[in-house]
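Chain residues, written in single-letter form:
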Amino acid sequence: MSSETVTTETDEERDEATDGTETAVAVEGLGHAFGDLEVLADITFSVDRGTVVCVIGPNGSGKTTLLRLVTGLIEPDEGTVTIAGESDREVGYLAQQPDFRPQFTVRETVSFYGSLVGTETDVDAVLDRVGLGAVADRRVNALSGGMMRLLGVAQTTIGDPSLLVLDEPSSGLDPTMTRHITDVVADLAAAGDAVLLATHDLRSVERIADEVLVVDRGELVATGPPDAILAETETETLEDALTALARGDDAISVSAGLHGSDRE
């Protein structure tokens, strides 16, 4: 593969922007292949506490694999993932299709995950953070799809992990529930959590992302705040920016001195 990385900040600007912040995870030179198929190559980024970093890109670009590498569910072939903090639970992870015991109530589900962490869990507080307090005694098999995702988000917060990793938390949901989940994620970051989120919902990305990682064909082709990526690609929406980046539009300028790579 061959690509260049479009970044929207100089190293000096990034240092100033992150002054006084605490990094939750640092990813350096991450690469992974399934057999002879290279899925990700030379991925480098970090997520600070109190921020939402959104991973976007075409289907098959490697977003889910990237999240699974960060969580430690699969081992990278190259590079490192460094999780900061001293929490007993380093990462809280929500898969695309959360799977909970159907006979449990919402309250019992949170209590069960709390018992696995080994620290005391305020179940009511966990549920209130995501808006599920009113259905705490409802069984999992009676939840709507949106409520199931919210329960998934709730379990990621148990044990105060250093990083929350959410894979398509609003996929397939109606606009009202999508907005609610997006608001919950924004509130978690505002409270100091670090969130790494993969999604195709680009409108939500424009609303809540502090940083966007654009992945295409396994490479990181752009990083930066949504507004900066729009300015850099001379587009008006992230959908248009993604299209331009995915096709390698000649109109895209690449900032000098910033990381990029050319590989066969």
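Above this text you will find the structure in question.
1. A short note on the pattern of salt bridges
Counted under the stated rule, the structure contains six salt bridges. D183 serves as the salt-bridge partner of R207, at 2.6 Å between the closest nitrogen and oxygen. In this pair, R207 sits in helix α7 (residues 202-208) while D183 sits in helix α6 (residues 175-190), placing the two residues 24 residues apart along the sequence. The exposure class of D183 is partly exposed, given its relative accessible area of 29%. When salt bridges with common partners are traced through the structure, they connect R107, D124 and D137 into a single cluster.

2. Comments concerning the packing of helix α3 (residues 106-117) against helix α4 (residues 123-130)
Two elements in contact, α3 and α4, have axes separated by 10 Å at closest approach and are oriented at 115 degrees. As the angle between them shows, α3 and α4 are arranged roughly perpendicular. Once α3 is placed against α4, the crossing between them reads as right-handed. For the pair formed by α3 and α4, the contact residues are V106, R107, V110 and S111 on the first element and V123, D124, V126 and L127 on the second. The residue makeup of the contact of α3 with α4, split by class, is five nonpolar, one polar and two charged.

How each quantity is defined
Residues numbered from 1 in each chain as written. Predicted model: local features only at pLDDT ≥ 70, side-chain atom pairs only at ≥ 80, totals over all residues. Heavy atoms only, no water. Salt bridge = Lys/Arg side-chain N within 4 Å of Asp/Glu carboxyl O. Helix = DSSP H or I, 4+ residues; strand = E, 2+ residues; numbered from the N terminus. Buried < 20%, exposed > 50% of the residue type's maximum accessible area, 1.4 Å probe, protein only. Axes fitted to C-alpha atoms, helices over the stretch in contact; angles between N-to-C directions. Parallel < 35°, antiparallel > 145°, perpendicular 65-115°, else oblique. Left-handed = near helix turned anticlockwise from the far one by under 90°. Contact = heavy atoms within 4.5 Å. Nonpolar A, V, L, I, M, F, W, Y, C, P; charged D, E, K, R; others polar.

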